[in-house]
Structure formats: C-alpha cells, structure tokens
Amino acid sequence: MRTFTTRPGSSLSGEARVPGDKSISHRAIILASLANGETEISGFLEGADSLHTLAAFRAMGVAIEHAGGGQVLVHGRGLHSLSAPAAKLYMGNSGTALRLLTGVLAGQPFDSVLSGDASLNARPMGRIVNPLASMGASIKAADQLVPPLRISGSALTGMSHKTLIASAQVKSCLLLAGLFAGGETTVVEPAITRDHTERMLRGFGYPVVSGSLRVALSGGGELTGTRIEVPADISSAAFFIVGASIAPGSDITLRHVGTNPTRTGIIDILRLMGASIELLNETVMGGEPVADLRVRSARLKGIAVPRELVPLAIDEFPALFVAAACATGETLISGAEELRVKECDRIQAMVDGLQQLGASITATPDGAVIQGGSLSGGQVGSCGDHRIAMALAMAGLCADGPVVIADCDNVDTSFPGFAATAAELGLVIDVT
Ligand code: S3P
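Residues numbered from 1 in each chain as written. Predicted model: local features only at pLDDT ≥ 70, side-chain atom pairs only at ≥ 80, totals over all residues. Heavy atoms only, no water.

**A look at the pattern of salt bridges**
Tallied over the full model, the rule gives 23 salt bridges. Between D21 and R263 there is a salt bridge, and its shortest N-O distance comes to 2.9 Å. With D21 in the loop between strand 2 (13-16) and helix 1 (22-34) and R263 in the loop between strand 17 (251-258) and helix 8 (265-272), this residue pair connects regions lying 242 residues apart in the sequence. Across the pair, R263 and D21 agree in class, each one buried. When salt bridges with common partners are traced through the structure, they connect R123, R194, D315, E343, R346, D385 and R387 into a single cluster. (Salt bridge = Lys/Arg side-chain N within 4 Å of Asp/Glu carboxyl O. Helix = DSSP H or I, 4+ residues; strand = E, 2+ residues; numbered from the N terminus. Buried < 20%, exposed > 50% of the residue type's maximum accessible area, 1.4 Å probe, protein only.)

And the structure:
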C-alpha cells in the first residue's frame, strides 16, 4: 500500500495536463464497441476504472487495439454483435463501469454477471435494477440490492422514468438500455447531471432529444464509428485548482481541461468563495467544450454552497472540503447525501481526515459545516478512495506540518501519475 507524505510550505506553479476524463473514457469504449466501423480514441484515461470497461468489451468479443499512451482503436461491429462473456465481468472500483454496463447487458440475448471490489460490491444498485425491471429486464442483485448483478438477457420495452436521484450513471444506464428497447426511453431527472452520454451518442450519429431535465431516445437506430479526443478530466484538475487557490504564491495553468457546463460546478463554487480561475483558449472538441484553466492563489471565504451546484460538482467535494477548511469563515454544504454512497462515505472520510489535521468540521446527514482556519500536520487515511487521498494531499499545502496519507494505491483508478504531476507543480510529496 502506497503512502503519500507532504511537506509544508510549498506553492504550486507551472503548467500541467492531467489525464483524460474518466466519464468520457468509459463512454467512448462503450459506444465505440456498439458502433459500426472503427473509432479512434485519443487521450483515453489509462486508469484502472476505464481499463475495466475496455477489458469487459474485449471479453464480449470486441477487437480493441490499445498500446497505451491514451490511444485506442476500437473495431465496432454494431449494436447487436456482442458475444456472451466466458466469465463474470469484474469492474473493480468503478460504479460508472458497472452501472453503464448493466444498461447495455440488460438487453442482450445472453446472460452475464457483473461484480466489483469490496467497495463497489457495497454500493446501491436498486436505482438501476428497479427501473430496468420496469423495461422488462431480469436482474438479480445480492441482498440489499448490491452487486454482484446476475443479468438474464431479455427483450426490453422503452419506458418513461422519473428518477428521484440526480445521477448521470442512472440516466446513462437507462439510455443505453433504451438503445436495445422497443419504442422510446425517456429519463426525467430532478436536477441537471453530466450529459456526456447524450453528447457522445449524437457524435456517433444517434438521435437524442433533450430538454433541460428530460432526455429521450428510441431503440432500433445505429451508431457509426467516429474519432474521439478525450479532454483532461476536470475532476482530476480539481485537486490542483483547489491546491493553487489555497497555497499562497501559486499560479498554475492546467491545459485542455473539459469544461462541459454540467461539470464546472467546482469553478462556480470556488469563484463564489473568491477564487481566481480564468478560462483561456476556449474551444469545442468532438462536442465537448475544453479550455486551459489559469488558477492563482486567492483569499477564500466560506459560503453556503448553492444546492443546485451540488450535482455539477459531485466528485469534487473532497477537494472542496479542503478549500473550505483553509478559507476564512464558515462553509455549509447541504444536499450532498449522495457523497455517502460513493467509493466510500466521502462526508465521513473528509470529516475524519480534516479533524485529524485540526480542522473544526461537523458532519450532517447531507453535508458538513466547516469552520475555516489553519491545518496542522498529521496522519490520515484515504478509506481506499482515490479522491480522498488526493484531496488530503492538497490539505498538505496549507498544513503547518507533514501530512501522512495511508492507503493511496487507489489513486490509480482515476489519476495515474498524480504524485509526479503534483511534484512537478511544486508540492513536496514523498511516495513510499
Ligand atoms: C459519473 C457520474 C457520477 C460521478 C461518477 C461518474 C458518470 O455518479 O460521481 O464519478 O460518469 O456518469 P452519479 O451518477 O452516481 O452521481
């Protein structure tokens, strides 16, 4: 198990490009595998999570050339050409891989089993199993509606679903099932969530109708292979956006970051706290907006985080907890109960970690109340969660002593090379 140890007193400066977007990388493999013809993907995230998706489609007979370096060539054979996997499909730590694949597999003419590691096998699946069942899917979950999921391939019928949880994984799962269903599949969400699936489906030539909270497609169409350039992941950039904001004297530029408006809640929230974040060289690549982000240190102040921004920054809360702990005044986070069912209970993990570093922070059922101030050094754990490990490494930038973070192997699920990039930008970090 790797341990990160940060030394106090660093600032961040220079330029970096963080790895490819995890959400887009999963979707690129899935849709390319189901498309007719070749799809060339560049900037693919070489992280454990997206590699599980790639391995799953290979196990279902899709020829995928992948020599590393973010370059992937997928030889799609069309929507109806997957073959039954010889063994159960193991999705590791990845909720996105497991939930999106469930949507694809529910409508196949063969049976399959999806499982994950201990963390994933404890995550709630009723949110996908129940609506898929209403489309005619036959899925048996373990007790408490967690993985492994045993899927018996069935004929599906399109349905209109009103989801209670704002979740792009649920929406995407149902839309993917809708590709194999008769008639129209509609998802109506309680709040806006990331829309990469809808954008990418259109990029593959598949008609999707969407309004602000409603999205619909009809089964029976075709996907056509294309080229996909995956932007750098704003969720990985988030650690350095917060790090540069809280470490005095910092000035960094993060290149080619995805700035899809359904993902930029982190920028909006930090700006409300007083952060200095500029979007430069804004452009659109393959239907996804990208920009270089210039971040300079600023005096952050506590805020009540607007609830409508929560789903647009859902993966960035571990980093935002650190920003709040280093700000002046109180930050109130609410409406973020989904954080309790991520790779770990992220509310509890950040409260425990920051308390260990001397912060004044109290958990609430759906968030936390954080009194900004100074942090001390200390020993903390990641709870086996990549984003907790990286967020606590950023806390090291405003702690007055070394921060020792145990159990950091899982950083490789989303950000292989994190410690090296952090060191290049100026964080003094030892990996042992
Ligand atoms: C993701 C959606 C989010 C996010 C996850 C990636 C996606 O999950 O936390 O890391 O790629 O669709 P929820 O949909 O469960 O909020």
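**Quick word on the layout of surface pockets**
A volume near 640 Å³ is recorded for the largest pocket. Contributing to the lining of the largest pocket are 39 residues, with A166, S167, I314, E338 and K342 lying nearest its centre. Looking at the lining of the largest pocket, the elements that each hand over two or more residues are helix 1, helix 3 (95-106) and helix 5 (168-179). Across the lining of the largest pocket, the residue classes break down as 11 nonpolar, 10 polar and 18 charged. (1 Å grid on protein atoms, 1.4 Å probe; cavity = no way out; pocket = protein on both sides within 12 Å on 5 of 7 lines; lining within 4 Å. Points joined across faces, edges and corners; volume = space filled by probe spheres on them. Nonpolar A, V, L, I, M, F, W, Y, C, P; charged D, E, K, R; others polar.)

**Considering the sheet that holds strand 21 (residues 360-364)**
Spatially, 20-22-21 is the arrangement adopted by the three strands of the open sheet, whose pairing is antiparallel. Two strands lie at the open edges of the sheet, namely strand 20 (330-333) and strand 21, each paired on one side alone. When the angles between neighbouring strand axes are averaged without regard to direction, this sheet yields 10°. Its contacts with the sheet put helix 10 (residues 346-356) on strand 21 and strand 22 (367-371), and the angle it makes with strand 21 is roughly 165°. (Pairing = 2+ DSSP bridges. Axes fitted to C-alpha atoms, helices over the stretch in contact; angles between N-to-C directions. Contact = heavy atoms within 4.5 Å.)

**Describing the packing of helix 1 against helix 5**
Pairs of packed helices are described in terms of their axes, by the angle between the two and the distance that separates them. Between helix 1 and helix 5, whose axes approach to 13 Å, the crossing angle comes to 5°. It follows from the interaxial angle that helix 1 and helix 5 lie roughly parallel. Taken together, the residues of helix 5 that come into contact with helix 1 (itself represented by R27, I30, L31 and L34) are A168, S172, L176 and L179. Among the residues making up the contact of helix 1 with helix 5, the classes are represented as six nonpolar, one polar and one charged. (Parallel < 35°, antiparallel > 145°, perpendicular 65-115°, else oblique.)

**With respect to helix 10**
Looking at helix 10, one finds that the buried residues are R346, I347, A349, M350, V351, G353 and L354. Where helix 10 is buried, its residues touch helix 9 (317-325), strand 21, strand 22, strand 23 (378-381) and helix 11 (386-395). The N-cap residue of helix 10 is D345: its side-chain oxygen and the backbone nitrogen of I347 are 3.2 Å apart. G358 lies just past helix 10 and shows a positive phi near 90°. (Polar contact = N/O pair within 3.5 Å; in protein donor to acceptor, adjacent residues only side chain to side chain.)

**Regarding the site of the ligand**
Taken together, S23, R27, T96, R99, S167, A168, Q169, R194, I314, D315 and K342 form the complete shell of residues around the ligand. The side chain of S23 places a nitrogen or oxygen atom 2.6 Å from an oxygen atom of the ligand. Note that an oxygen atom of the ligand is positioned 2.6 Å from one of the side-chain N or O atoms of D315. The fraction of the free accessible surface of the ligand (390 Å²) that becomes covered by protein chains is 96%. Where the shell around the ligand is concerned, the elements lending two or more residues are helix 1, helix 3 and helix 5. (Near = heavy atom within 4 Å. Areas by Shrake-Rupley, 256 points an atom, 1.4 Å probe, with all protein chains shown as cover.)

**Considering the state of the cysteines**
One pass over the full model with this rule turns up one disulfide. A sulfur-sulfur separation of 2.1 Å characterises the disulfide bridge that pairs C326 with C398. Separated by 72 residues along the polypeptide, C326 in the loop between helix 9 and strand 20 and C398 in the loop between helix 11 and strand 24 (403-406) bring together distant segments of the chain. Judged by its relative accessible area of 19%, C326 is buried. Cysteine C408 is unpaired, with the sulfur of C383 as its nearest cysteine sulfur at 11 Å. When its relative accessible area of 0% is taken as the criterion, C408 is described as buried. (Disulfide = S-S within 2.5 Å.)

**Overview of the pairing of strand 20**
Only one face of strand 20 is buried: it carries T331 and I333, and the other face, with E330 and L332, is open. Pairing geometry for strand 20 and strand 22, over four bridges, is antiparallel. Each bridged residue has a counterpart across the sheet, and for E330 the counterpart in strand 22 is Q371.

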